[in-house]
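# Chain and residue survey
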Amino acid sequence: MKKILLFLVILLFFFPLFAQEEQQYTFSDEIGVNAGFTTGMGISYRHWTQSGIGIQFTTLPVKTDYVQYISIGVTGLKSVSNGRFIRSFMYLGNHVLWDGLSLNDKFIYNVGAGFGMEIGKYPKVNIMLGYQAMDVTQKLWLVPTVEAGFYFDFSKK
């Protein structure tokens with residue numbers, strides 16, 4: 001497992017440097033799905049500005065007779081490099097989980113930061129690796145985290 005994680009970190013840091021020529025940052029609007037401990041899980045919207053700054057909003061509300069659950073994630077993004085098919089970036093994620101039907105409303109807040117890579121032009125796959133502070137409101141655990149998403153770019157180019 002450690003060898004796989006080390007390989008992914010090396011790939012994320014060095015592959016964008018050799019893979020393609022650098023392009024100017026362009027704005028984009030993307031919609032898709034995301035799953036992450038610090039970026040949230042569910043349906044996701046991502047917006048990139050022309051200055052290389054981005055924001056990602058992810059949510060998954062679930063309400064049935066037996067389950068009432070809300071996941072909300074808001075993530076700040078900053079591009080490091082932007083190529084034709086690959087964008088590398090840094091992220092700062094905030095994720096709130098709330099379970100409203102348990103005896104004691106369960107509230108969990110995770111925060112984390114790291115490095116990510118987005119691969120593709122219109123359908124895009126992204127993976128982010130970093131560290132998270134888990135369950136900040138109760139106890140503080142600092143552990144590695146993996147975040148992943150699949151997005152469709154619907155901005156006009």
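Here goes a summary of the coordinates provided.

Let us look at the overall build of the protein. From N to C terminus, the protein includes one helix and eight strands. Going residue by residue from the N terminus, the α and β elements of the protein occur as α-β-β-β-β-β-β-β-β. When the 157 residues of the protein are sorted by exposure, 36% land in the buried category. Considering only residue pairs separated by 6 or more positions, the protein has 54% of its internal contacts joining residues 24 or more positions apart.

Next up on the list: the pairing of strand 8 (residues 141–153). Pairing between strand 1 (residues 28–36) and strand 8: six bridges, direction antiparallel. Opposite Val33, over in strand 8, you have Phe150 as the bridge partner. Where strand 7 (residues 123–134) and strand 8 come together, twelve bridges link them in antiparallel fashion. Bridge pairing in strand 8 places Gln132 opposite Val143. Where strand 7 folds back onto strand 8 in an antiparallel hairpin, the turn is made up of six residues, including Asp135, whose phi is positive at roughly 50 degrees.

Taken together, the eight strands give a closed barrel; going around it, the order is 1-2-3-4-5-6-7-8, and neighbouring strands pair in antiparallel fashion. Neighbouring strand axes in the sheet, compared pairwise and without regard to direction, differ in orientation by 25 degrees on average. Summarising the sheet, strand 3 (residues 53–63) and strand 4 (residues 68–82) pair through eleven bridges and their orientation is antiparallel. Bridge pairing links Pro61 to Ile70 in strand 4.

Rules behind the numbers
Residues numbered from 1 in each chain as written. Predicted model: local features only at pLDDT ≥ 70, side-chain atom pairs only at ≥ 80, totals over all residues. Heavy atoms only, no water. Helix = DSSP H or I, 4+ residues; strand = E, 2+ residues; numbered from the N terminus. Buried < 20%, exposed > 50% of the residue type's maximum accessible area, 1.4 Å probe, protein only. Contact = heavy atoms within 4.5 Å. Pairing = 2+ DSSP bridges. Axes fitted to C-alpha atoms, helices over the stretch in contact; angles between N-to-C directions.

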